[in-house]
Amino acid sequence: NAGVTQTPKFQVLKTGQSMTLQCAQDMNHEYMSWYRQDPGMGLRLIHYSVGAGITDQGEVPNGYNVSRSTTEDFPLRLLSAAPSQTSVYFCASRRAGPSYNEQFFGPGTRLTVL
Amino acid sequence: AQKITQTQPGMFVQEKEAVTLDCTYDTSDQSYGLFWYKQPSSGEMIFLIYQGSYDEQNATEGRYSLNFQKARKSANLVISASQLGDSAMYFCAMIRPGGVFGQGTRLTINP
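Residues numbered from 1 in each chain as written. Chains lettered and ligands numbered in written order. Predicted model: local features only at pLDDT ≥ 70, side-chain atom pairs only at ≥ 80, totals over all residues. Heavy atoms only, no water.

**Student:** So what's going on with the pattern of salt bridges? Residues and values would help.
**Tutor:** Side-chain pairing between opposite charges can occur once the charged atoms of the two side chains come close. Taken as a whole and judged by the stated rule, the model has four salt bridges over all chains. With a shortest N-O distance of 2.7 Å, Arg-44 of chain A and Asp-38 of chain A are connected by a salt bridge. With relative accessibility at 15%, the residue Asp-38 of chain A sits in the buried group. Two residues, Lys-73 of chain B and Asp-26 of chain B, come together in a salt bridge whose shortest N-O distance is 3.3 Å. With Lys-73 of chain B in the loop between strand E8 (64-69) and strand E9 (74-79) and Asp-26 of chain B in strand E4 (residues 24-26), the pair connects residues that are 47 residues apart, well separated along the chain. For Lys-73 of chain B, a relative accessible area of 28% puts it in the partly exposed group. (Salt bridge = Lys/Arg side-chain N within 4 Å of Asp/Glu carboxyl O. Buried < 20%, exposed > 50% of the residue type's maximum accessible area, 1.4 Å probe, protein only. Helix = DSSP H or I, 4+ residues; strand = E, 2+ residues; numbered from the N terminus.)

**Student:** Describe the packing of aromatic side chains, listing the residues and the values that go with them.
**Tutor:** Two measures describe an aromatic ring pair: the distance that separates the ring centres and the angle between the ring planes. Across all of its chains, the model carries 13 aromatic pairs over all chains by this definition. Taken together, a centroid distance of 5.3 Å and an interplanar angle of 85° make the contact between Phe-105 of chain A and Tyr-37 of chain B edge-to-face. Here Phe-105 of chain A is found in strand E10 (residues 104-105), whereas its partner Tyr-37 of chain B is found in strand E5 (residues 33-39) on a different chain. As far as the burial class goes, Phe-105 of chain A and Tyr-37 of chain B line up, both buried. (Phe/Tyr/Trp six-rings, centres within 6.5 Å; stacked < 30°, edge-to-face > 60°.)

**Student:** Explain the sheet that holds strand E7 (residues 64-66) of chain A residue by residue, including any values.
**Tutor:** Adjacent strands of a sheet pair through backbone hydrogen bonds, lying either parallel or antiparallel. Residue and element names in this part refer to chain A. With antiparallel pairing, four strands are arranged side by side in an open sheet as E1-E3-E8-E7. The open sheet has two free edges, formed respectively by strand E1 (4-7) and E7, since each of these has just one partner strand. The sheet shows a mean angle of 20° between the axes of neighbouring strands, taken without regard to direction. Where strand E3 (residues 19-25) and strand E8 (residues 76-78) come together, three bridges link them in antiparallel fashion. Within the sheet, the bridge partner assigned to Met-19 lies in E8 and is Leu-78. (Pairing = 2+ DSSP bridges. Axes fitted to C-alpha atoms, helices over the stretch in contact; angles between N-to-C directions.)

**Student:** Tell me about the environment of Lys-3 of chain B, and please be specific about residues and values.
**Tutor:** All names here are of chain B. Looking at the element boundaries, Lys-3 is found in strand E1 (residues 3-5). When the C-alpha positions of Lys-3 and Thr-20 are compared, they lie 20 Å apart, and in sequence the two are 17 residues distant. With residues up to four places along the chain from it excluded, the contact list for Lys-3 reads Thr-24, Tyr-25, Asp-26 and Val-100. (Contact = heavy atoms within 4.5 Å.)

**Student:** Describe the environment of Cys-91 of chain A, with residues and values.
**Tutor:** Residue and element names in this part refer to chain A. Within the element layout of this structure, Cys-91 appears in strand E9 (residues 87-94). Judged by its relative accessible area of 0%, Cys-91 is buried. When the C-alpha positions of Cys-91 and Met-19 are compared, they lie 16 Å apart, and in sequence the two are 72 residues distant. In contact with Cys-91, not counting residues within four places along its chain, are Val-4, Gln-6, Cys-23, Met-32, Ser-33, Trp-34, Phe-104, Phe-105 and Gly-106.

**Student:** Run through the state of the cysteines, naming residues and quoting values.
**Tutor:** Under the definition given, this model contains two disulfides over all chains. Covalently, Cys-23 of chain A is tied to Cys-91 of chain A through a disulfide, its sulfur atoms 1.8 Å apart. Residues Cys-23 of chain A and Cys-91 of chain A share a disulfide whose torsion about the S-S bond is about -70°; that sign makes it left-handed. Taken together, the positions of Cys-23 of chain A in strand E3 and Cys-91 of chain A in strand E9 put the pair 68 residues apart, joining distant regions of the chain. Classification of Cys-23 of chain A as buried rests on a relative accessible area of 1%. The disulfide bridge from Cys-23 of chain B ends at Cys-92 of chain B, spanning 2.0 Å between sulfur atoms. (Disulfide = S-S within 2.5 Å.)

**Student:** With reference to specific residues and values, describe the interface of chain A and chain B.
**Tutor:** Across the contact, 19 residues belong to chain A and 18 residues belong to chain B. Here chain A and chain B share an interface that buries about 1500 Å² over both sides, 59% of which is from carbon and sulfur atoms. Looking only at chain A, the three residues that lose the most surface to chain B are Leu-43, Ser-99 and Phe-105 of chain A, adding up to 29% of its buried area. Where chain A touches chain B, the interface holds zero salt bridges. Applying the counting rule to chain A against chain B returns four residue pairs in polar contact (both at pLDDT 80 or more). Looking at the side of chain A that touches chain B, the elements with two or more residues in it are strand E4 (31-37), strand E5 (43-51) and E9 of chain A. Split into classes, the residues belonging to the side of chain A that touches chain B amount to ten nonpolar, seven polar and two charged. (Buried area = accessible area lost by both parts, 1.4 Å probe. Polar contact = N/O pair within 3.5 Å; in protein donor to acceptor, adjacent residues only side chain to side chain. Nonpolar A, V, L, I, M, F, W, Y, C, P; charged D, E, K, R; others polar.)

Printed below as a string of C-alpha cells:
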C-alpha cells in the first residue's frame, strides 16, 4: 500500500514550458485534490475531484488543468509555466463520506520556474 | 465560503511546557470538521487530530487535544509537555472534498 505518490520530486522549467505533475493513490479514495504551498504560507487549493470524470476549481485554478479518467490518477497540467508558479505542489486524497475521514498527502513536488 | 485564520505566525516555547496554537474559522455549513496538521522541516504533512462540529467532547490524541468552542468558532490545538521534535509548522484546516488551510504557525521548542 503506497498511499499517495507524486512524480517528479523536483522539477525546473523555463517560462512558457508546459508539464504534467503526476499523482496516484492506491486506497480507492473518491476525493482527490491539488494544493500549492508558497514559502512560509499555508496550502491553497488549485483543483479537486469527487470521482472519476468530475473535477472542480479551487481557490487558485488559473494556469492549471486537471482531469480524472480513473479513480487512481489525478494529473495536474501546467499549460504555460510562469515564475509565479514556483511552489511546492501537494496532491491529496480522502474517502468520501463523513467529515472525519482523514486526508492523506503525497510527499510533494518542488517546482521552480525560471 | 470557508475561511481559516491562524493569528500566530511564530511561537517560542520551553521544552516540557504546554502550548496553545490558535485557530478560528468561518463557515456557513451546519456540519463540518476541523483538522490539524504538522509540517516538519522535511516538508511532509502529518495528520494530528480531528474535531467534528457535532462532537460533544473535545478531541484528544495522546499529547494533542483540541479546545473546541463552537459558539466562538475557534478550534485551538493544545500540545502538552512539548518536546524538541514538536518544532514544526502547524496548520488548521477545514476539509470537504477540497480543503481550506490557515496560514500556519511556526512552533519552536527551546531546550
